[in-house]
Amino acid sequence: MATKLKQYKKEGHPEAFEIWWGCPFQQDSMDFLYYWSVIAGSGISYLHGQVCNGDNMVEKNVTFGKNHSQTMLSILADWPRTKYTVIAGQNFPGTGQIHGGPCNIPTNSLVNDARENGCKFVIIDPKLTDTGAWCDEWIPIEPGKDQIFALSVANVLISEKLYDEEFLLRYTNAAQLICTDTRECLLNDKGNYLVWNNLKQEIQSLPKAGKMDGLSLGYNKTYYTYLKDKKIECKTAFQIFAEMVKEYSPSKFSFKDQVIKIAINLGKNKPSVVFSSGFTSGRYPNWFQTMRAFSIVNLLLGNFDKPGGYYFIKNEFNVSNGWPVPPEVPDYSKDKKLVPAPYNNMTLEYNIDQKPCYLKPRKYHPAVASLPWLHFQAMEEGKVKAILSTTENSVLTQQNTKWVRECLNKLDLIIVGDQFLKEFSDWADYIIPEASFLERNHLYYNKYISSDSMENLLLYMRSAAIPPEGNSKPLSWFLIQVAKKIGLEDYVENIDLQYKWWDKILEKAKLFPKVSAKKLIEEGPYFERYPVSHNLLFKPIETRSGRFEIYSNELAEECYFNPKSEWHQNNHVNPFPVEIEIAQPENENEFFLICGKASWHQKSATQHSNYLMEYALEAGCPYMPVYINSTRAKELGFSDGEEVILECVGPRKDQDQCVINDDSIGYKDKAIIKTTEGLHPKALWIYWASGHEEKSNTMASKTKKGVKMNWFLPTSATPYSAGVGKNYSIVKINKIKG
Ligand SMILES: Nc1nc2c(c(=O)[nH]1)N[C@H]1C(S)=C(S)[C@@H](COP(=O)(O)OP(=O)(O)OC[C@H]3O[C@@H](n4cnc5c(=O)[nH]c(N)nc54)[C@H](O)[C@@H]3O)O[C@H]1N2
Ligand SMILES: Nc1nc2c(c(=O)[nH]1)N[C@H]1C(S)=C(S)[C@@H](COP(=O)(O)OP(=O)(O)OC[C@H]3O[C@@H](n4cnc5c(=O)[nH]c(N)nc54)[C@H](O)[C@@H]3O)O[C@H]1N2
Ligand SMILES: [Mo]
């Protein structure tokens, strides 16, 4: 590794070496990885972030602004007082990914509290999951139709006048005036956004969030004004949205009565409601506008910072990173342009994931976690020549396995760090025997509200349970040795990732020495508790209008109306959440192939447990097969337990502008089917990462019964938000002849 790094540095391209890292809660300090990559000048990518929730983060930034985005992303709500909850595409008791944060400590108990307090839960999912069984109601949505569902709910809320007018006027840009013809917003000479003042009967600039004097939603109204002597017809953003959703009547659904009932329940129980499109995102290229539509329904409901609604934690530990500060080490930021990176880190602006986010106009939003396909293209072009992968398994978990592997074949060097063998280790030139997360220390920070209406800020060390086994060492130890070999010893001297590193974070947060890594280990977590308080303007709303946005000024200015943007006039970045069509199965034996995480597995990480890999651990829900709707199976002449052939047939590049590489088309594999009534007829469904092919003796590889989803998945990416279509696969199911 040192030899290669020296060589690439000499050639002027240290970024030809990249670190790919995965789970932030299992791997060695991501803080240190970012620090190391800055001092070494290497590339670095939180590669899996985008396949997980990266475009969700973008949407929450676009609609709510940075200060309010995290709450919305992690569905942080005042659960004990919530009365009605509708969640799409999340198996929340099964996967625990609600109310975010490491380990999701408070999660399940809070959702249970909500239920005990009478909250009703509705799940929207093509598949009847653990959550579906737990919820009061299951809506078996057609894959990719969640956007229309949300727009239908908005339709009912508006036509039944079940929205919160005062909230819309005070905190959103619902009153902002938009030109009826072009749908561009109106601006005055000073570049201010404009509204109609009903009291004064004149146009004025949009007041600060919190103020509503004279503003009107302009329902069913048209306004006229003169700008530079030109008469302009305009309407409020609310009115244009209301006209847009008229087209989405619940009658478009086979379960129209439920849609109406859900909308009315949301409206009647507001603000003590939660309406969410889930945490993990980017399922299809319409998912960004799907999330926008869900967010706007919440804006109509005004369920923010009120009992039982989304809650913004007011108190914070000022937790940053543990990087050593000059003069302890030489100045590492001199002559280097650093930009924000995941988890309070900084990174070099020239990195593949960053460069397109800092163009003018931006091509991607800086909140994207990564831009995976650009790394693969860079490997094809010889710009990335070597990688170190830690705590992730890209050869299985990134879309379009075939393409990913072709790109990997072009590299000079692949190093993989893990405790277990996995698909990626089969590709490695070197395997680093990394100490596992149970053998090292790491500081974590979590925040949530508890049933007693308190904000809880929690710092804790996940401390080593045992010392590293055998010759294994934390990855940081290996990287420090490499740094010493390439002349960076001054930057890595005295680095102590067991204690000192975390104390630095606590010191920067002004908590040290009251709180220290050692004390956290010896005495347990450090808590601060504050009573819940309601004021959503506790921090400025960091959108372009300073308000939560129904009409996204950012999308308008940066992309949709910007002639310099590659996304100019592209509906994926329309400032309103207009319907985006996705490619569909075309023949009767074609389906969407979709997936969900198994509640008794951790993605591809648990493949070596033969017990967990058993075919039928959960009696009615075997792990390996492909689930198919019973009626569809019968129509096509397939029976339960039959072995079939699946073949990827789409989406093709010519079917969708978001498809970047469709090399997966034509890929075939055998699968066993399991018939079920608990699945939408248009979908085939698998447990995520049930299929494996690691060469050592795992039960999964031996039995070869599971399907490896990403072989069936073309590479796609949405404009600006970089959602990577992780369910966007169309497959044909065929009989095995003879
Ligand atoms: N036990 C366990 N817990 C985990 C994980 C694990 O592997 N195992 N993984 C962790 C990680 S990294 C994450 S990101 C989270 C993920 O956990 P979740 O957020 O729950 O996400 P998934 O399980 O990927 O998908 C959830 C559901 O989305 C449904 N779905 C698919 N397509 C559509 C659609 O078009 N519309 C709708 N409405 N639903 C759809 C699937 O059927 C699935 O049931 O869980 C975390 N927690
Ligand atoms: N088609 C499709 N693709 C998907 C998804 C999907 O729903 N559909 N889901 C996506 C999601 S949400 C995510 S989060 C990604 C996950 O994709 P990856 O980031 O690749 O995650 P895992 O499969 O959990 O692999 C993690 C690896 O870390 C190793 N590991 C565990 N603990 C440690 C440790 O302490 N140190 C080291 N060095 N290694 C350790 C495990 O052995 C395992 O091999 O996949 C994504 N890919
Ligand atoms: Mo994830």
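Residues numbered from 1 in each chain as written. Chains lettered and ligands numbered in written order. Predicted model: local features only at pLDDT ≥ 70, side-chain atom pairs only at ≥ 80, totals over all residues. Heavy atoms only, no water.

## A few points about the overall build of the protein chain
Here is step 1: From N to C terminus, the protein chain includes 23 helices and 27 strands.
Here is step 2: For the protein chain, the C-alpha radius of gyration of 26 Å lies close to 27 Å, the compact-globule estimate for 738 residues.
Here is step 3: Dimensions of the protein chain, computed from the C-alpha atoms along their principal axes, are close to 75 × 75 × 50 Å.
Here is step 4: Pairs at least 24 residues apart make up 72% of the contacts formed inside the protein chain by residues separated by at least 6 positions. (Helix = DSSP H or I, 4+ residues; strand = E, 2+ residues; numbered from the N terminus. Rg over C-alpha atoms; globule rule 2.2 N^0.38 Å. Contact = heavy atoms within 4.5 Å.)

## Some thoughts on the site of ligand 1
Here is step 1: Close to ligand 1 lie 33 residues, the nearest being N91, D125, D146, K597 and H601.
Here is step 2: Between ligand 1 and D125 there is a distance of 2.6 Å, counted from an oxygen atom to a side-chain nitrogen or oxygen.
Here is step 3: R283 is positioned with one of its side-chain polar atoms (N or O) 3.3 Å from an oxygen atom of ligand 1.
Here is step 4: Protein contacts shield 94% of the accessible area of ligand 1, which totals 910 Å² for the unbound molecule.
Here is step 5: Contributions of two or more residues to the shell around ligand 1 are made by α6 (92-95) and β20 (590-596).
Here is step 6: Tallying contributions element by element places β20 first for the shell around ligand 1, with three residues.
Here is step 7: Here the shell around ligand 1 is built from residues that sort into 13 nonpolar, 14 polar and six charged. (Near = heavy atom within 4 Å. Polar contact = N/O pair within 3.5 Å; in protein donor to acceptor, adjacent residues only side chain to side chain. Areas by Shrake-Rupley, 256 points an atom, 1.4 Å probe, with all protein chains shown as cover. Nonpolar A, V, L, I, M, F, W, Y, C, P; charged D, E, K, R; others polar.)

## Observations concerning the pairing of strand β4 (residues 120-124)
Here is step 1: Here β4 lies mainly inside the structure; four of its five residues are buried.
Here is step 2: Pairing analysis gives five bridges linking strand β3 (residues 84-88) to β4, with the strands arranged parallel. Residue pairing across strands places I87 opposite I123, the latter belonging to β4.
Here is step 3: Here three bridges tie β4 to strand β5 (residues 137-139), and the two strands are oriented parallel to one another. Considered in β5, the bridge of I123 is made with W138. (Buried < 20%, exposed > 50% of the residue type's maximum accessible area, 1.4 Å probe, protein only. Pairing = 2+ DSSP bridges.)

## Focus: the site of ligand 2
Here is step 1: Surveying the vicinity of ligand 2 reveals 29 residues, the closest of which are H48, N393, T397, S604 and N710.
Here is step 2: Contact distances for ligand 2 include 3.0 Å between a nitrogen atom and a side-chain N or O atom of E434.
Here is step 3: Summarising the interface, the protein chains cover 97% of the accessible area of ligand 2, which totals 920 Å² for the free molecule.
Here is step 4: Sorting the residues of the shell around ligand 2 by element identifies α3 (47-52) and β15 (413-418) as the ones contributing at least two each.
Here is step 5: Looking at the shell around ligand 2 element by element, the count peaks at three residues for α3.
Here is step 6: Residues that form the shell around ligand 2 fall into these classes: nine nonpolar, 12 polar and eight charged.

## A closer look at the sheet that holds strand β9 (residues 223-227)
Here is step 1: Spatial ordering of the open sheet is given by β6-β10-β9, a layout of three strands whose pairing is antiparallel. A single partner strand is all that each edge strand has here, and the edge strands are β6 (177-179) and β9. Strand-to-strand, the axes of this sheet are offset by a mean angle of 50°, without reference to chain direction.
Here is step 2: With three bridges connecting them, β6 and strand β10 (residues 230-236) associate as antiparallel partners. Looking at the pairing, I178 lines up with K235 of β10.
Here is step 3: Helix α11 (residues 237-245) rests against β6 and β10 of the sheet, and its axis sits at about 65° to β10. (Axes fitted to C-alpha atoms, helices over the stretch in contact; angles between N-to-C directions.)

## A short note on the packing of helix α2 (residues 30-40) against helix α17 (residues 475-485)
Here is step 1: Between α2 and α17, the least distance of the axes is 10 Å, while the angle of their chain directions is 15°. Classified by the angle between their axes, α2 and α17 sit roughly parallel to one another. In the crossing of α2 with α17, the sense of the turn from one axis to the other is left-handed. When α2 is examined against α17, the residues F32, L33 and W36 are found in contact with a partner set consisting of L475, S476, L479, I480, V482 and A483. (Parallel < 35°, antiparallel > 145°, perpendicular 65-115°, else oblique. Left-handed = near helix turned anticlockwise from the far one by under 90°.)

## Examining the pairing of strand β14 (residues 386-390)
Here is step 1: Counting buried positions over the five residues of β14 gives five, a clear majority of the element.
Here is step 2: Neither face of β14 is left uncovered, since the one carrying A386, L388 and T390 and the one carrying I387 and S389 both have all their residues buried.
Here is step 3: The sheet contact formed by strand β1 (residues 17-21) and β14 spans five bridges and is parallel. Paired with W20 across the strands is S389, a residue of β14.
Here is step 4: One ladder, built from five bridges, connects β14 with β15; its direction is parallel. If you follow I387 over to β15, its bridge partner there is I414.

## Observations regarding the packing of aromatic side chains
Here is step 1: Scanning the entire structure with this criterion turns up 56 aromatic pairs.
Here is step 2: A ring pair is formed by Y667 and W711, whose centres lie 5.0 Å apart and whose planes are at 15°; its orientation type is stacked. Remark: W711 occurs in the loop between α23 (699-703) and β26 (715-716) and Y667 occurs in the loop between β23 (659-661) and β24 (668-676); sequence separation between them is 44 residues. Both residues of the pair, Y667 and W711, count as buried. (Phe/Tyr/Trp six-rings, centres within 6.5 Å; stacked < 30°, edge-to-face > 60°.)

## Examining the side chain of Q289
Here is step 1: Along the chain, Q289 falls in helix α13 (residues 287-301).
Here is step 2: Given a relative accessible area of 1%, Q289 falls into the buried group.
Here is step 3: The contact partners of Q289, leaving out residues within four places of it in the chain, are Q147, N571, H572, V573, N574, F576, P577, V578 and I580.

## Topic: the nonpolar core
Here is step 1: Membership of the largest hydrophobic core comes to 119 residues, with the highest contact counts inside it found for F149, F241, F304 and L408.
Here is step 2: Here this core takes nine residues from helix α9 (residues 146-159), the largest share from any one element.
Here is step 3: Residues within four places of F304 in sequence aside, it is in contact with F64, M72, F167, N298, L299, Y310, F312, L536 and F548.
Here is step 4: Ranked by size, the runner-up nonpolar core spans 62 residues in total, among them I313, F317, V319 and L488. (Core = buried A, V, L, I, M, F, W, Y, C linked by side-chain atoms within 4.5 Å.)

## With respect to the sheet that holds strand β18 (residues 454-462)
Here is step 1: Pairing is antiparallel in the open sheet, where three strands are placed in the order β17-β18-β19. Two strands bound the open sheet, and with one partner strand each, they are β17 (442-449) and β19 (526-531). If you compare each strand with its neighbour and ignore which way they point, the axes differ by 15° on average.
Here is step 2: The sheet contact formed by β18 and β19 spans six bridges and is antiparallel. By the bridge assignment, E455 is partnered in β19 with Y530.
Here is step 3: The strands that helix α19 (residues 500-508) touches are β17 and β18; relative to β17, the one it contacts most, it runs at about 40°.

## Here's the deal with the confidence of the model for the protein chain
Here is step 1: The predicted model of the protein chain has a mean per-residue pLDDT of 94, with 97% of residues at 70 or higher.
Here is step 2: Overall, residues 99-106 carries pLDDT values under 50, and its contacts beyond four positions in sequence, including any with other chains, amount to 29 contacts. (pLDDT = per-residue confidence, 0-100.)

## A closer look at the pattern of salt bridges
Here is step 1: Under the definition given, this model contains 27 salt bridges.
Here is step 2: For K385, the salt bridge goes to E11, with nearest N and O atoms at 3.5 Å. With K385 in the loop between α14 (372-380) and β14 and E11 in the loop between α1 (2-10) and β1, the pair connects residues that are 374 residues apart, well separated along the chain.
Here is step 3: Judged by its relative accessible area of 26%, K385 is partly exposed.
Here is step 4: Given the relative accessible area of 41%, E11 is considered partly exposed. (Salt bridge = Lys/Arg side-chain N within 4 Å of Asp/Glu carboxyl O.)

## Some thoughts on the environment of I148
Here is step 1: Its location among the elements puts I148 in helix α9.
Here is step 2: What makes I148 buried here is its relative accessible area of 9%.
Here is step 3: Along the sequence, I148 and Y248 sit 100 residues apart, while their C-alpha atoms lie 6.7 Å from each other.
Here is step 4: Not counting residues up to four positions away in its chain, the partners in contact with I148 are Y248, K252, F253 and E579.

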